[in-house]
Amino acid sequence: MKIEDIIDYLPYAVMGHDIRRRIFLFNKEAERLTGYKKEEVIGRDCHDVFPGGFCGERCAFQNEIIIPSNFEMIHYPIEFVDKKGKKHMLDVRVKPIVDKEKNIAGIVATFDDVKSDIEFEKELNKIDEFCGIVGKDPKMLKIYQQIKSVAKVSFPVLIQGESGTGKELVAQAIHKLSPRRNGPFVPVNCGAIPDTLIESELFGYEKGAFTGAIREKKGRFELANGGTIFLDEIGDISPLMQVKLLRVIQTGLIERLGSIRPIKVDVRIISATNKDLEKEMIEGRFRDDLYYRISVIPIKIPPLRERKGDIPILVKKFIKEISESFSINVNSISNAVMKALLNYSWPGNVRELQNVIQYAAVQAQANGRNYIELSDLPDRVLFKKIEVPKEVNNTQTLTIEAINEALKSTGGNKAKAAKLLGISRATLYRLLKRLS
Ligand SMILES: Nc1ncnc2c1ncn2[C@@H]1O[C@H](COP(=O)(O)OP(=O)(O)OP(=O)(O)O)[C@@H](O)[C@H]1O
Ligand SMILES: [Mg+2]
């Protein structure tokens, strides 16, 4: 059997071309994935065959960029358009072929489809929770799909989103679904570690590296070997640390403080930030080379106010969690509470919702109820400014707080309360109805 026939049996797509990009190798799996037949591609320029490009911006055989001969392999994701025009996300590995004189003679590439869109979408329509992440808003379903496809490959991922949107949860999900799932998941909050300590935290130190270093210590990168490191608040690291981090990403090597012996680490990097990192880069606070390295795959988590439809299922989950983990017997909320939760803007996102539900459940229990009522909610959620009906001459904006106050001070007498507020009784009734 010829070697070329054997290559046809490989479960991966394989393509090879010479230094002039003339394709000389194309196996059956490559035919299946791309939709092109071997006869159509052999001997042709790779760029002519695949007009959308196979190597993105990374072609090593154009614009005088040549893969250095000591480059072991390049590995990248690419959106590829097949012969029928269908898009695929491909995971591509390229290795140079080097001749006896150590000159590059061409490349051999393997590639694999990292997701099958349609099947996954079908699956998604049925779910409202994914790897511990609750939500069925289309924006969240898209994120589940991204998680699933990036989990399979080890490229750096950058997760962006406001505080409390679930960035760490998404990072954990990527790790749990990845081939590294049995390795460690090591989170590092770059924003919380002082600048003077972050280097030794990340890279470790040798005994005697500095006063107080009485024994050697492994850094988080070493601890994450074989797994994933989660660099939270990466937008907060200093320019010097940015350089050091870039070097680790480029070489896969770290150096402990006080040592010049590089240590090879096999770590997947997931970063997160609630800053607009692109803006930070444009304004010169974040290195562009590091930005492009860590943001190979960006995931943007929308704020909770843009997916309010998920609030009811999140509330349900949090109530269940609370009643299971604390000795609190609260199992539902009133309609008015749900309305108030849906009206609020949630600047602290899902974390704030979780805290509010915990707080309210404690209040409800303390008041001898097993359901949450309006009065159990913290003031900021409740006392949303409400619009005053047109017929009110008084231009002052009425708050629920003001209305409650008025009712309280009049012993619940609505006519008197209305008078106090400077509105008609009918208006007060309308307002109360709207708020319940
Ligand atoms: N979609 C979700 N489903 C269930 N729980 C969630 C969801 N999103 C966030 N949470 C919960 O909210 C809290 C905050 O989430 P997480 O720590 O992942 O947010 P973050 O984006 O990393 O926030 P920060 O920027 O403040 O670090 C956690 O307790 C997490 O479990
Ligand atoms: Mg976080």
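Residues numbered from 1 in each chain as written. Chains lettered and ligands numbered in written order. Predicted model: local features only at pLDDT ≥ 70, side-chain atom pairs only at ≥ 80, totals over all residues. Heavy atoms only, no water.

Draft legend 1. Representation of helix α14 (residues 335-343) in the model. Residues Ala-336, Val-337, Met-338, Ala-340 and Leu-341 constitute the buried set of α14. Where the residues of α14 are buried, they touch α13 (311-325), β17 (332-333), α15 (349-366), β18 (371-372), α16 (379-382) and α19 (425-435). (Buried < 20%, exposed > 50% of the residue type's maximum accessible area, 1.4 Å probe, protein only. Helix = DSSP H or I, 4+ residues; strand = E, 2+ residues; numbered from the N terminus. Contact = heavy atoms within 4.5 Å.)

Draft legend 2. The packing of aromatic side chains, seen in detail. For the coordinates displayed, the defined rule picks out 9 aromatic pairs. Pairwise contacts between aromatic rings join Phe-26, Tyr-36, Phe-50 and Phe-80 into one cluster. (Phe/Tyr/Trp six-rings, centres within 6.5 Å; stacked < 30°, edge-to-face > 60°.)

Draft legend 3. Layout of the packing of α13 against α14. Here α13 crosses α14 at 120 degrees, and the two axes come no closer than 10 Å. In terms of orientation, α13 and α14 fall into the oblique class. As α13 packs across α14, the resulting crossing turns out to be right-handed. Packed against α13, whose contacting residues are Ile-311, Pro-312 and Val-315, the element α14 presents Met-338, Leu-341 and Leu-342 at the interface. A per-class count over the contact of α13 with α14 returns 6 nonpolar, no polar and no charged. (Axes fitted to C-alpha atoms, helices over the stretch in contact; angles between N-to-C directions. Parallel < 35°, antiparallel > 145°, perpendicular 65-115°, else oblique. Left-handed = near helix turned anticlockwise from the far one by under 90°. Nonpolar A, V, L, I, M, F, W, Y, C, P; charged D, E, K, R; others polar.)

Draft legend 4. Broad picture of the pattern of salt bridges. This model, assessed by the stated rule, comprises 23 salt bridges. One salt bridge connects Asp-289 with Arg-287, and the closest N-O pair in it is separated by 2.9 Å. The partly exposed category is assigned to Asp-289, whose relative accessible area is 29%. In the salt-bridge network here, residues are joined through shared partners; they are Glu-206, Glu-216, Glu-222, Arg-256 and Arg-261. (Salt bridge = Lys/Arg side-chain N within 4 Å of Asp/Glu carboxyl O.)

Draft legend 5. Geometry of the site of ligand 1. For ligand 1, the set of nearby residues contains 19 residues, the closest of which are Ser-163, Gly-164, Lys-167, Arg-351 and Gln-354. In the environment of ligand 1, an oxygen atom lies 3.3 Å from a nitrogen or oxygen atom belonging to the backbone of Thr-165. Note that an oxygen atom of ligand 1 is positioned 3.2 Å from one of the backbone N or O atoms of Leu-169. Here ligand 1 has 620 Å² of accessible area as a free molecule, and 85% of this is covered by the chains. Those elements that provide at least two residues to the shell around ligand 1 are β7 (133-134), α7 (167-177), α13 and α15. (Near = heavy atom within 4 Å. Polar contact = N/O pair within 3.5 Å; in protein donor to acceptor, adjacent residues only side chain to side chain. Areas by Shrake-Rupley, 256 points an atom, 1.4 Å probe, with all protein chains shown as cover.)

Draft legend 6. Molecular detail of α19. For α19, every residue scored as buried is listed here: Thr-427, Leu-428 and Leu-431. End-on view of α19: buried residues confined to an arc of 100 degrees, all on one side of the axis. Against α17 (400-409) and α18 (414-421) lie the buried residues of α19. (Arc of directions from axis to C-beta.)

Draft legend 7. Molecular detail of the packing of α13 against α15. Where α13 contacts α15, the axes come no closer than 10 Å and their chain directions differ by 50 degrees. As summarised for this structure, α13 and α15 are arranged oblique, according to the angle between their axes. α13 and α15 meet at a crossing whose hand is right-handed. The residues of α15 that touch α13, namely those facing Ile-311, Leu-314, Val-315, Phe-318, Ile-319, Glu-321 and Ile-322, are Val-350, Leu-353, Gln-354, Ile-357, Gln-358 and Ala-361. Tallied by class, the residues present in the contact of α13 with α15 amount to 10 nonpolar, 2 polar and 1 charged.

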